[in-house]
Amino acid sequence: MGGESVFTTREGKDVMDVIESIAGSAEVTEDIVLQASNRILGKSDELVVEHDMQTAFVFQPFSSYHRAAILQRRDRKAGSFAISVYHPTPQKPVRLSHFISFCADMMETLTLKSFLDRVQELIATNKISQAGITPSQVQATRNRRRELIEALENFEKANKVVYRPERPKFV
C-alpha cells in the first residue's frame, strides 16, 4: 500500500523499513539494498551486496473466496502463480489474516527449498566447504521447512485451496 507496512510479525523498525524508505515507490535494486545495509551496519568497503530476488503479493478478498497473485523475480527470470482459498460458508469466511500468513509461510518454504537446492549444488561441485554453510544451518533449515510444510498441509486440509497453474513443489 504505497510502501506502508500493512502486516508484520515484528515490532519496531527493521531492515525492510529502511529499504522501503530509500526505495520509495521505486523497484528495489542492489544499490538500494547496499544503501540500506550501509545505514544499518555502517559503511564498509568490504561489504558486498547481491540482490537477485523480488517477490510481490497482490491480495484480493471476494465474497466467496480470497485470492493472492504472486510474482517472483529471481536470477533475471520472472514467474507467477495464484492461490485462492474458498470460504466454507458466507457466515464463516476464511480470515484474510490467516490467508496472508499461509501465503507468507509458502514463500518462506520456497525460499528454504532454494537454499537447500543451492547446498546440493555446492556439494555436487565440491564447493560446500568454501560457502561457509554449516551442517547445523542445513539441519535447522530442513527442520523449519518440515514445520512449514506441515502448517501448509494443515491449512489445505481445513480449507479449499486452489493453485493456478499448480501447487509449488516444496521439496
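Structural data are supplied above this passage.
Quick caveat: nothing in here was measured; it's all calculated off a predicted structure.

Colleague: Please clarify how the nonpolar core should be interpreted in this entry.
Modeller: If you look at soluble globular proteins, the nonpolar side chains tend to sit buried side by side. The biggest cluster of nonpolar side chains holds 18 residues, and the ones touching the most others in it are F81, I83, F99, F102, M106, F155 and V161. Looking at this core, the elements that each hand over two or more residues are β2 (65-74), β3 (77-86), α3 (96-124), α5 (135-158) and β4 (160-164). If sequence neighbours within four positions are ignored, M106 has contacts with F81, I83, L152, Y163, P168 and F170. Of all hydrophobic cores here, the second largest spans nine residues; its members include V18, I19, A23 and V33.

Colleague: Explanation requested: α3 in the structure shown.
Modeller: It helps to recall that an α-helix has 3.6 residues per turn; residues three or four apart then point in one direction. Along its 29 residues, α3 runs 42 Å from first to last C-alpha, staying within 8% of the 42 Å computed at 1.5 Å per residue. After α3 finishes, the residue N126 shows a positive phi value of roughly 60°.

Colleague: How do you make sense of the packing of aromatic side chains when you look at a structure like this?
Modeller: Any aromatic ring pair is given by two values, namely how distant the centres are and how the planes are angled relative to each other. Inspection of every chain in the model, using the stated rule, returns six aromatic pairs. Ring plane angle 35° and centroid distance 4.9 Å describe the contact between F62 and Y65, whose orientation is recorded as tilted. Here F62 falls in the partly exposed class, since its relative accessible area comes to 35%. Plain terms: the ring middles of F99 and F102 are 6.5 Å apart, the flat faces sit at 20° to each other, and that makes the pair stacked.

Reading the values: rules and limits
Residues numbered from 1 in each chain as written. Predicted model: local features only at pLDDT ≥ 70, side-chain atom pairs only at ≥ 80, totals over all residues. Heavy atoms only, no water. Core = buried A, V, L, I, M, F, W, Y, C linked by side-chain atoms within 4.5 Å. Buried < 20%, exposed > 50% of the residue type's maximum accessible area, 1.4 Å probe, protein only. Helix = DSSP H or I, 4+ residues; strand = E, 2+ residues; numbered from the N terminus. Contact = heavy atoms within 4.5 Å. Expected span 1.5 Å × (residues − 1). Phe/Tyr/Trp six-rings, centres within 6.5 Å; stacked < 30°, edge-to-face > 60°.

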